[in-house]
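# Fold and contact review
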Amino acid sequence: MDETEVRRTPSVIDRYFTRWYKTDLKGKPCEDHCILQHSNRICVITLAESHPLLQKGKAIQSVSYQISAGCSRLQNKVSGKSKRGGQFLTELAPLCRIKSSDGEEYTLYSCVRGRLLEVNEDILTRPNLLLEKPCAEGYIAVLLPKFEESKSLTDTLLTRAQYEDILLKRSAVKVDQ
Amino acid sequence: MLPLKDKDRPIAVALLGAGCCPRCILRFCCVSLQSAYRQPHEDILLELQRFIHAKVADESCGTAEEIPTDSPPCKKVRVETEQGGELPEGGEEISVVEGKSKICVVCLGVLQDFCNKDFAKKVAETVTSEKYEFDSLVLSVSLPAQLSVREHSAWLLIKTKVREKGLCLGKDDIIQVKEAFKWILQSLLSQQLGVPVVSKSPLEVSVGFTHPETDGDCHFLAAACSGCFKPAKNKLSLFTRMAVAKALERISEESFRRKFPCPPCPPATKCTVQEVQCLHAPVFVAGRYNKFSRTLPQTPWVIDGERRMESSVEELITTPLLASFQAEGFNFSSSGREDVDVRTLGNGRPFAVELLNPHRTRFSPAEVRKIQEAINKSSDKIGVRDLQIVTRDAVGHMKEGEEEKTKSYSALIWTHKAIEEQDLEFINDIKDLSIAQKTPLRVLHRRPLAVRQRVIHTMATRFRDNHHFYLQLRTQAGTYIKEFVHGDFGRTKPSLGDLMKMETDILELDVESVDVDWPPVVTDPGSGENPDLPGSPQHGGTP
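This section reports on the structure supplied with the text. Being a predicted model, the structure only gives us computed values, none of them experimental.

Looking only at helices and strands, chain A features four helices and 11 strands. Relative to a compact globule of 177 residues, whose C-alpha radius of gyration would be 16 Å, chain A shows 17 Å and is just as compact. By principal-axis analysis of the C-alpha atoms, chain A measures approximately 50 × 40 × 40 Å. Burial analysis of chain A (177 residues in total) assigns 49% to the buried set. Long-range contacts, defined as pairs at least 24 residues apart, comprise 57% of the intrachain contacts of chain A with a sequence gap of at least 6. Of the roughly 9,300 Å² that chain A leaves accessible, carbon and sulfur atoms contribute 52%. Charge separation in chain A, taken as the distance between the mean sites of 27 positive and 23 negative side-chain charges, equals 7 Å.

In structure tokens:
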């Protein structure tokens, strides 16, 4: 008997979100992010499955939202329906810094322009969420793009198909080497 | 005979000389006998003239002239009446011609040409043509703001006359134009329509007057009393009646007299009457609705001018109501609402519709039942029960329900891991579970970000197969059920998945009951039971 079922019906993400990708953030190979864009234009930033952190054998030592001396994403406070007070981020604004137990350091980025609504504080206390459920409880942040930019923001992002193409090309390169 | 006293004589003389109509003169003399105003205005004029020329036993001659001096000499009067004749008696000299075409400088004709049967007939005709159902009405009158300016000017004019006699005339003692006008028109209108004209009635008949020729009369007040005039978004003109009244209270007599003539200038035209507006107070219709479709939104779903989904709960209920009550608009509200893909079963969800400006309002319970049947026949996507006419206050009960009462749901759950029946037992024992829900991502674009504490009172499970089961829940109002099941990225804690230690998702959701006991159940006197609703599918099936 199958212990777990392969879904025949669309999941929550399938029902409400479109998956977009940004690869090799800041030129660093394979540091890929997956942006889940809700039909109401809200974006959830997550790690793509090809990110080094999600590869076998990685363990997380620390997660920090302190981007610089004066800026911590934890200080972000929004209020009211129009989410006043949220930090407005551009595509390459850093969200958080992660240290893995093998000494590597990774920075995760916003990937889209928009107002920062919240960062996931659960991964501070339970970093394993990021590794086990990157597309659910292990999300990084939630952003609200400007209404006028909601269509154009995906111009610089890759579709799932384009992303898979890149993955194929990468493994082809590996084989050649 | 007019109830005028000797002290009123100088007022009457001054105002007649200034160009006031007979009824305005009565007002300034503080005559509060309504029947005096209702007489035809030629009769009032005649009686006024008789009064002016009447010799007072102890006085040898009258007082003021139109030229303000301190010495009151006796002079011969030449007053021409409408007939062109002269009054033979002596008295004061008034050098004014009271003719038919002269428009009153204070009321601008309102108390002259609009206080007769013909005008009342015109108003009555408009009301009848709109075919309202009514047994009373309230008359509301709106006059141009400059009337208060002209009134103020006339008052200043006679204030001095009154002071000379050692008397006091407060502005508040003077009968208002609106009041006198209503005294006359209300009884005429009542006669025409055969219903009483009262101070409070569901039907409001509004008569409005404008006088563009003298709109400029108010403008000097803006400079003299700038604090009173603030441009408000909804007002067409800066010079609202309230603002003008306030300014007149503040402005000094000198400043006023400098900028505005005392008495006011005679107008060339009389007031124009705007179209008579009728407005009936709204009627409230309440009931409970069931929603049998998983593709029906609550309100019309339109994006960029394009309709995305056919019809809506709101439209299916209100369209027949608008037609039956011949109303011009509506406000639909309900005790909470459900998503497009969620059915509402059981007793249904309470709703109330405010029908605006209804032309038909009298419906027997049998007729209301017929409307309910018509709604139910019109579509199999919804069903309505307990349809009834209610009062505005009653609607408050419904909104109470939204915040305070509990709701019951049934959901079809999918589990990632395989389950057995015994794996579900622990859920049945959970009572009053507290959960914390961050604003769900699917509504976060239009709701503030917050954490909501909610209680799941009871749950009951029914096993279907290794990856599916039915979950019934009774929860506090305002609980997001879908997010409780799938966890919403971990932003609802604990979620059903957390409790079962596996990934869970919700495939279907139905509202089983909205635990508000309003509106009251309507029993069919014939059968003694609720009429059946059409097409209520079996629980658990997907329509």
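This part takes up the overall build of chain B. Across its full length, chain B holds 17 helices and 17 strands. Across the 543 residues of chain B, 49% fall into the buried class. Sequence-distant contacts in chain B: of pairs separated by 6 or more residues, those separated by 24 or more amount to 77%. As presented, chain B carries roughly 26,400 Å² of accessible surface, and 50% of it is formed by carbon and sulfur atoms.

Following Lys493(B), the chain continues into Pro494(B) via a peptide bond in cis, with omega recorded as -10°. As for its placement among the helices and strands, Pro494(B) is situated in the loop between strand E16 (492-493) and helix H17 (496-500). Across the junction of Trp518(B) and Pro519(B), the peptide omega takes the value 0°, indicating a cis bond. Among the secondary structure elements, Pro519(B) is positioned in the segment after strand E17 (504-514). Located in the positive-phi region is Lys26(A), a residue other than glycine, with phi close to 55°. Of note, Lys26(A) is situated in the loop between strand E1 (17-22) and strand E2 (33-38).

Before going further, it helps to spend a moment on the nonpolar core. Residue and element names in this part refer to chain B. Membership of the largest hydrophobic core comes to 86 residues, with the highest contact counts inside it found for Phe181 and Phe209. Tallying contributions element by element places helix H8 (residues 177-193) first for this core, with nine residues. Sequence-distant contacts of Phe209, that is, excluding residues within four places in its chain, are made with Val110, Phe114, Phe119, Val141, Ser142, Leu143, Pro144, Phe181, Cys271, Thr272, Val273 and Gln274. Counting residues in hydrophobic clusters, the runner-up holds 34 residues, among them Ile413, Ile427, Ile456 and Trp518.

What follows covers the packing of helix H1 (residues 9-18) of chain B against helix H7 (residues 146-164) of chain B. Residue and element names in this part refer to chain B. Across the interface, H1 lies against H7 with an axial gap of 10 Å and an inter-helix angle of 145°. Pair H1 / H7 crosses with right-handed handedness. Contacts between H1 and H7 involve Ile11, Ala14, Leu15 and Ala18 on the former and, on the latter, Ala154, Leu157, Ile158, Lys161 and Val162. Taken together, the residues of the contact of H1 with H7 sort by class into eight nonpolar, no polar and one charged.

Residue and element names in this part refer to chain B. Side chains of Glu420, Glu421, Asp423, Glu425 and Asp429 sit close together on the surface and give a patch of like negative charge. Tracing the backbone through its elements, the reader meets Asp429 in helix H15 (residues 425-429). Taking the relative accessible area as the measure of exposure, Asp429 reaches 61% and is therefore exposed.

The next thing to look at is helix H6 (residues 117-129) of chain B. Two residues of an α-helix separated by three or four positions point the same way, owing to the 3.6 residues in each turn. All names here are of chain B. Between its first and last C-alpha, H6 extends 18 Å over 13 residues, near the 18 Å set by a 1.5 Å rise per residue. The inward-facing, buried residues of H6 abut H8, strand E3 (203-210), strand E4 (272-273) and strand E5 (277-280). Just past H6, the residue Lys131 takes up positive phi, approximately 55°.

Moving on, we get to the interface of chain A and chain B. Listed as interface residues are 33 residues of chain A and, on the opposing side, 27 residues of chain B. With both chains or domains summed, chain A and chain B bury close to 2,400 Å², and 58% of this area falls on carbon and sulfur atoms. Considering only the surface of chain A that becomes buried against chain B, Glu5(A), Arg7(A) and Glu118(A) emerge as the three largest contributors, covering 20% of it. Counting across the chain A and chain B interface gives four salt bridges. The salt bridge partner of Glu118(A) is Arg491(B), with a shortest N-O separation of 2.7 Å.

Time to look at the environment of Ile419(B). Residue and element names in this part refer to chain B. As for its position among the elements, Ile419 is in the loop between strand E12 (406-415) and H15. With 46 residues separating them along the chain, Ile419 and Asp465 place their C-alpha atoms 7.8 Å apart. Excluding its chain neighbours within four sequence positions, the residues that come into contact with Ile419 are Leu424, Phe463, Asp465, Asn466, His467, His468, Phe469, Met500 and Met502.

Here we take up the pairing of strand E6 (residues 283-291) of chain B. Residues and elements named next belong to chain B. Burial runs high along E6: nine of the nine residues are buried. Alternating residues of E6 divide into Val283, Val285, Gly287, Tyr289 and Lys291 and Phe284, Ala286, Arg288 and Asn290, and every residue in both groups is buried. Summarising the sheet, E6 and strand E10 (residues 342-356) pair through eight bridges and their orientation is antiparallel. Across the sheet, residue Val285 finds its bridge partner in E10, namely Val353.

Right, let's talk about the pairing of strand E3 (residues 43-47) of chain A for a bit. All names here are of chain A. Most of E3 sits inside the fold, with five of its five residues counted as buried. The alternating pattern of E3 places Cys43, Ile45 and Leu47 and Val44 and Thr46 on opposite faces, both of which are buried. With five bridges joining them, E2 and E3 adopt antiparallel strand pairing. Residue pairing for E3: His33 is matched across the bridge by Leu47. Turn length for the E2-E3 hairpin, with the two strands adjacent in sequence and antiparallel, is four residues, and the turn residue Arg41 shows positive phi of about 85°. The pairing of E3 with strand E11 (residues 141-144) spans three bridges and is classified as antiparallel.

A few words on the pattern of salt bridges. Pairing between side chains of opposite charge can happen when their charged atoms approach one another. Residues and elements named next belong to chain B. Per the stated rule, a full pass over the model turns up 33 salt bridges over all chains. Ionic pairing is found between Asp217 and Arg150, a salt bridge with its closest N-O pair at 2.7 Å. You can see Asp217 sitting in the loop between E3 and helix H9 (219-224) and its partner Arg150 sitting in helix H7, a full 67 residues away along the chain. A salt bridge links Lys482 to Asp339; the nearest nitrogen and oxygen atoms lie 2.8 Å apart. Highlighted residues: Lys482 in helix H16 (residues 481-486) and Asp339 in the loop between strand E9 (329-334) and E10, separated in sequence by 143 residues.

Definitions and cut-offs
- Residues numbered from 1 in each chain as written.
- Chains lettered and ligands numbered in written order.
- Predicted model: local features only at pLDDT ≥ 70, side-chain atom pairs only at ≥ 80, totals over all residues.
- Heavy atoms only, no water.
- Helix = DSSP H or I, 4+ residues; strand = E, 2+ residues; numbered from the N terminus.
- Rg over C-alpha atoms; globule rule 2.2 N^0.38 Å.
- Buried < 20%, exposed > 50% of the residue type's maximum accessible area, 1.4 Å probe, protein only.
- Contact = heavy atoms within 4.5 Å.
- Areas by Shrake-Rupley, 256 points an atom, 1.4 Å probe, with all protein chains shown as cover.
- Lys, Arg positive; Asp, Glu negative; His and termini not counted.
- Charge placed at Lys NZ, Arg CZ, Asp CG, Glu CD.
- Core = buried A, V, L, I, M, F, W, Y, C linked by side-chain atoms within 4.5 Å.
- Axes fitted to C-alpha atoms, helices over the stretch in contact; angles between N-to-C directions.
- Left-handed = near helix turned anticlockwise from the far one by under 90°.
- Nonpolar A, V, L, I, M, F, W, Y, C, P; charged D, E, K, R; others polar.
- Patch = residues over 30% accessible without salt bridge, like charges linked within 9 Å, V, L, I, M, F, W, Y side chains within 5 Å.
- Salt bridge = Lys/Arg side-chain N within 4 Å of Asp/Glu carboxyl O.
- Expected span 1.5 Å × (residues − 1).
- Buried area = accessible area lost by both parts, 1.4 Å probe.
- Pairing = 2+ DSSP bridges.

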